[in-house]
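Here are the chains, one letter per residue:
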Amino acid sequence: MGARLHRAFYFLLFSVCLVVGASPGECFGADDAPGVAWRVAGRHPHDPQAFTQGLVMRHGHLYESTGRYGRSSLRRVDPATGRALARRDLPAAYFGEGLEEHDGRLYQLTWRENTVFVFDAATLDALGQRPLATEGWGLCHDGTSFVISDGSSVLRRYDPDTFAPRGRIRVADQGVPVEALNELECFDGRILANVWMTDRVAVIDPGDGRVVGWLDLSGLRALMPPLPPEAVANGMALDRETGRLWVTGKLWPTVFELELATLPPVGGKEAP
Ligand SMILES: [Ca+2]
């Protein structure tokens, strides 16, 4: 209950931020890590009915998880057209969330159903499920562990095979916890986390949870028609072949390919 009240408080604060036109950073006073520049390197169609909750690019295939009860799905998407080449709909009682590929399998979180669905990445055949103690929001694999967000400021690591817990990452910018961490992408030794209800992405040092930079994606809105309030940025996929970050949002008509400027260093490691 405590966590839910906590979240309700931040949801209220976000709502106030939106009404008064302030950025969450202005509201929280936690906007101190530097911004990371980006440029649009490509644009592709995206299904404007897709309530995007997770995005993965692997071996030239684009995979997407969509949410909402009765409309949640897993899709393999043709990047050129945005159409689903293959699709599996989740049972109506499940709300699809974060998505990641590992060892030829796709892992799809569900929001409050304490269930992780496992699929064959080649066929999208169902391979079973795993239990999850927390809510499921975002998911990425850092090369060793799964990293899962639950809408709080805490990320949790899990063994990718057994889902045994492997520890927590408390995420903070200048010592102030960053709440509502949602869609994740493990990227070049960092964790990228989209902050829910905003177009902002925290660049996180996985070693100590420090936010070392911010991506502000709000500039992409000028490249799209006006969208409903729930159409927030939420979907990031690293294309390992090009190094570009594919980003989209809930109900967005476009997937953008972004080239990022050099990311701030983490853990004493200089960015390449
Ligand atoms: Ca992702």
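Just so it is clear, the structure is predicted and the values come from calculations on it, not from any experiment.

Basis of the calculations
Residues numbered from 1 in each chain as written. Predicted model: local features only at pLDDT ≥ 70, side-chain atom pairs only at ≥ 80, totals over all residues. Heavy atoms only, no water. Pairing = 2+ DSSP bridges. Helix = DSSP H or I, 4+ residues; strand = E, 2+ residues; numbered from the N terminus. Axes fitted to C-alpha atoms, helices over the stretch in contact; angles between N-to-C directions. Phe/Tyr/Trp six-rings, centres within 6.5 Å; stacked < 30°, edge-to-face > 60°. Buried < 20%, exposed > 50% of the residue type's maximum accessible area, 1.4 Å probe, protein only. Lys NZ or Arg CZ within 6 Å of the ring centre and 35° of its normal. Polar contact = N/O pair within 3.5 Å; in protein donor to acceptor, adjacent residues only side chain to side chain. Contact = heavy atoms within 4.5 Å. Donors = N, O, S within 2.8 Å, 3.2 Å for Na, K, Ca; no water. Core = buried A, V, L, I, M, F, W, Y, C linked by side-chain atoms within 4.5 Å. 1 Å grid on protein atoms, 1.4 Å probe; cavity = no way out; pocket = protein on both sides within 12 Å on 5 of 7 lines; lining within 4 Å. Points joined across faces, edges and corners; volume = space filled by probe spheres on them. Nonpolar A, V, L, I, M, F, W, Y, C, P; charged D, E, K, R; others polar. Disulfide = S-S within 2.5 Å.

## Focus on the sheet that holds strand β8 (residues 115-120)
Reading across the sheet, the 4 strands line up as β6-β7-β8-β9 and stay open at both edges, with antiparallel pairing between neighbours. A single partner strand is all that each edge strand has here, and the edge strands are β6 (96-102) and β9 (126-131). Averaged over all pairs of adjacent strands, the angle between strand axes in this sheet comes to 25 degrees, irrespective of strand direction.

## A word on the packing of aromatic side chains
All told, the structure shown has 11 aromatic pairs when counted by the stated rule. An angle of 70 degrees between the planes, with centres 5.0 Å apart, marks the rings of Y94 and F117 as edge-to-face. Pair noted here: Y94 is in the loop between β5 (84-89) and β6 and F117 is in strand β8, with a separation of 23 residues, a long-range link. A relative accessible area of 21% places Y94 in the partly exposed class. An aromatic cluster is defined as three or more aromatic residues linked by ring pairs; in this entry it consists of Y107, F146, Y158 and F163. In this structure, R68 packs its charged tip against the face of F51, placed 4.0 Å from the ring centre. Across from the ring centre of W214, 3.9 Å away, lies the NZ or CZ of R200, which sits over that ring.

## Observations concerning the side chain of E257
Position of E257 among the secondary structure elements: in strand β22 (residues 254-260). Note on E257: relative accessible area 8%, which makes it buried. For E257, the side chain forms a polar contact with the side chain of R244, separated by 3.1 Å. Leaving out residues up to four positions away in the same chain, E257 has contacts with R39, V40, A41, G42, H44, R244, L245 and W246.

## Quick look at the coordination of the calcium ion
Surrounding the calcium ion are the protein donor atoms L55 (O), E183 (OE), L184 (O), E185 (OE) and M236 (O), at 2.3 to 3.0 Å. Along the chain, the residues donating to the calcium ion fall in the pattern L-x127-E-L-E-x50-M. Residue classification places E185 among the buried residues on the basis of a relative accessible area of 4%.

## Thoughts on the nonpolar core
If you look at the biggest cluster of nonpolar residues, it comprises 24 residues, and the most contacted ones within it are L217 and V247. For this core, the elements supplying multiple residues, two or more each, are β18 (200-204), β19 (211-216), β20 (233-238), β21 (245-249) and β22. With 3 residues, the single largest contributor to this core is β20. Residue contacts for V247: discarding those within four places in its chain leaves L217, L220, G235, M236, T254, V255, F256 and L258.

## Looking at empty space enclosed by the protein
A full pass over the atoms with the stated rule returns 3 cavities of 30 Å³ or more. Roughly 40 Å³ of internal volume is contained in the second largest cavity. For the second largest cavity, the full set of lining residues is H44, P45, H46, L62, V77, D78, P79, G82, W246 and V255. For the lining of the second largest cavity, the residue count by class is 6 nonpolar, 3 polar and 1 charged.

## Some words on the sheet that holds strand β2 (residues 52-58)
Strand order across the open sheet formed by 4 strands is β2-β3-β4-β5, with antiparallel pairing between neighbours. Edge positions in the open sheet fall to β2 and β5, since each of these has one partner strand only. Direction aside, the axes of adjacent strands within the sheet are offset by 15 degrees on average. Judged from the 5 bridges that link them, strand β3 (residues 61-66) and strand β4 (residues 73-77) form a sheet pairing that is antiparallel. When the bridges of β4 are listed, E64 appears paired with R75.

## Here's the deal with the state of the cysteines
Applying the stated criterion to the full structure yields 1 disulfide. Residue pairing for C140: its cysteine sulfur links by disulfide to C186, the two sulfurs lying 2.1 Å apart. With the S-S dihedral at roughly 60 degrees, the linkage between C140 and C186 falls on the right-handed side. A residue pair is termed long-range when its members are at least 10 positions apart, and C140 in strand β10 (residues 139-141) and C186 in strand β16 (residues 181-187) qualify at 46 residues. According to the relative accessible area criterion, C186 is buried, its value standing at 16%.

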